[in-house]
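These are the residues of each chain, in order.
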Amino acid sequence: MLAVLGAALIIFVLKNETLDFQTNGFTRCFLGFFIGVLTLRFVTGRGRAVSPLVQSVCQIGLAAVAVVLVCVVGFDERLSFVAPVVFAALLGSLMAFPERLLPKLLSVRPLVWLGKRSYSIYMVHALVLVLIQYFARGVGPARLQMVDNLLPGLAASLLLAVFVVAVLALSNFTYLRVEMPGSRFVLRLFSRRAVPSVAAAE
């Protein structure tokens, strides 16, 4: 309820003049986190009685809405605060109806690999982009133009390929060496604190 009220406040009450949408991404992430938790609680054990056709239509429809939202969010940044609600509904439908075609397509091994590293990709992509920009400046526009003379757009395509490969390589490293060890450390830390608390309660 707090997440929904917060979203309504942000979208319909606050204006661009009072809220900097570029520097307040934390608000959107905060909203998304709690909506995600609520979605998980809501869909647990639900959706069994819904017909397969309705399940598929629901999933495909929500996926289409999510794609449209991503395409038009640049026209009004307030739409970015609707994204957590739309994505949560889509995720909820995928979890509630896992036997349908769309969840199976999204469960192929390459997409699962990307999904596990998605947070690391999000964290490192800006750094890699800055390094690629510095590299392009170091190469210089004259040399890049020479490459483009061979094939129009070749220089940009090569830089994009280097960017994608570098992001995937670095995010895989941070996922294996930073994210997962950090997650295990935090879980062990809280589990150790939980045991004395339970013993004291007894």
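Reading the values: the criteria
Residues numbered from 1 in each chain as written. Predicted model: local features only at pLDDT ≥ 70, side-chain atom pairs only at ≥ 80, totals over all residues. Heavy atoms only, no water. Helix = DSSP H or I, 4+ residues; strand = E, 2+ residues; numbered from the N terminus. Buried < 20%, exposed > 50% of the residue type's maximum accessible area, 1.4 Å probe, protein only. Contact = heavy atoms within 4.5 Å. Areas by Shrake-Rupley, 256 points an atom, 1.4 Å probe, with all protein chains shown as cover. Phe/Tyr/Trp six-rings, centres within 6.5 Å; stacked < 30°, edge-to-face > 60°. Lys NZ or Arg CZ within 6 Å of the ring centre and 35° of its normal. Lys, Arg positive; Asp, Glu negative; His and termini not counted. Salt bridge = Lys/Arg side-chain N within 4 Å of Asp/Glu carboxyl O. Expected span 1.5 Å × (residues − 1). Arc of directions from axis to C-beta. Polar contact = N/O pair within 3.5 Å; in protein donor to acceptor, adjacent residues only side chain to side chain. Axes fitted to C-alpha atoms, helices over the stretch in contact; angles between N-to-C directions. Parallel < 35°, antiparallel > 145°, perpendicular 65-115°, else oblique. Left-handed = near helix turned anticlockwise from the far one by under 90°. Nonpolar A, V, L, I, M, F, W, Y, C, P; charged D, E, K, R; others polar. Patch = residues over 30% accessible without salt bridge, like charges linked within 9 Å, V, L, I, M, F, W, Y side chains within 5 Å. Core = buried A, V, L, I, M, F, W, Y, C linked by side-chain atoms within 4.5 Å.

Engineer: Report on the overall build of the chain, specifying residues and quantitative values.
Structural biologist: Scanning the chain for helices and strands turns up nine helices and zero strands. Ordered by position from N to C terminus, the α and β elements of the chain give α-α-α-α-α-α-α-α-α. Here the chain holds 202 residues, and the buried ones make up 22% of them. Looking at the chain alone, contacts between residues at least 24 apart form 74% of all its contacts between residues at least 6 apart. Carbon and sulfur atoms make up 73% of the accessible area of the chain, which totals about 14500 Å².

Engineer: Run through the packing of aromatic side chains, naming residues and quoting values.
Structural biologist: Describing an aromatic ring pair means giving the distance of the ring centres and the angle of the ring planes. Enumeration according to the criterion identifies zero aromatic pairs in this entry. Looking at Arg137, its charged tip hangs above the ring of Tyr134, at a distance of 5.5 Å from the centre.

Engineer: Tell me about the side chain of Arg100, and please be specific about residues and values.
Structural biologist: Relative to the elements of secondary structure, Arg100 occurs in the loop between helix H4 (83–96) and helix H5 (101–105). No salt bridge is formed by the buried Arg100; its nearest oppositely charged neighbour, Glu99, is found at 4.3 Å.

Engineer: Explain helix H3 (residues 52–72) to me, using residue names and the numbers behind them.
Structural biologist: Compared with the 30 Å implied by 1.5 Å per residue over 21 residues, the 30 Å span of H3 between its first and last C-alpha is a close match. Within H3, the full set of buried residues consists of Gln55, Gln59, Leu62, Ala63, Ala66 and Leu69. With its buried residues spanning 125° around the axis, H3 presents them on a single face. Across from the buried face of H3, at angles greater than 90 degrees, the exposed residues are Leu53, Val57, Ile60, Val67 and Cys71.

Engineer: Please provide a residue-by-residue account of the side chain of Thr174, values included.
Structural biologist: Within the secondary structure layout, Thr174 lies in helix H9 (residues 154–201). The buried category is assigned to Thr174, whose relative accessible area is 17%. Polar contacts involving the side chain of Thr174 include one to the main-chain carbonyl oxygen of Ser171, which spans 3.0 Å. Non-local contacts of Thr174, meaning those with residues more than four positions away in its chain, are made with Ser120, Val124 and Glu179.

Engineer: Tell me about the environment of Cys58, and please be specific about residues and values.
Structural biologist: Here Cys58 shows up in helix H3. When its relative accessible area of 31% is taken as the criterion, Cys58 is described as partly exposed. In the structure, Cys58 is positioned 35 residues away from Ser93 in sequence and 7.1 Å away in space, judged by C-alpha atoms.

Engineer: Explain the packing of H3 against H4 to me, using residue names and the numbers behind them.
Structural biologist: Angle between the axes and distance between the axes: these two values describe a pair of packed helices. Taken N-terminus to C-terminus, the directions of H3 and H4 make an angle of 155°; their axes are 9 Å apart at the nearest point. The angle between the axes of H3 and H4 places the two elements in the roughly antiparallel class. Crossing of H3 over H4 shows left-handed handedness. Counted together, Cys58, Gln59, Leu62, Ala63, Val65, Ala66, Leu69 and Val70 of H3 and Ala83, Val86, Phe87, Ala89, Leu90, Ser93 and Leu94 of H4 form the full contact between these two elements. Grouping the constituent residues of the contact of H3 with H4 by class yields 13 nonpolar, two polar and no charged.

Engineer: Residue-level account of a nonpolar patch on the surface, with values.
Structural biologist: A cluster of nonpolar side chains, contributed by Leu106, Val108, Leu111, Trp113 and Leu114, occupies part of the molecular surface with about 390 Å² of accessible area. Its place among the elements puts Trp113 in helix H6 (residues 109–116). On the basis of relative accessible area, Trp113 is assigned to the partly exposed category, the value being 33%.

Engineer: Tell me about the nonpolar core, residues and numbers included.
Structural biologist: Counting residues in each nonpolar core, the largest one holds eight residues, listed as Leu62, Ala63, Ala66, Leu69, Ala83, Val86, Leu90 and Leu94. Elements represented by at least two residues in this core include exactly H3 and H4. Counting residues in each nonpolar core, the second largest holds seven residues, with Val124, Val128, Ile132 and Phe163 among its members.

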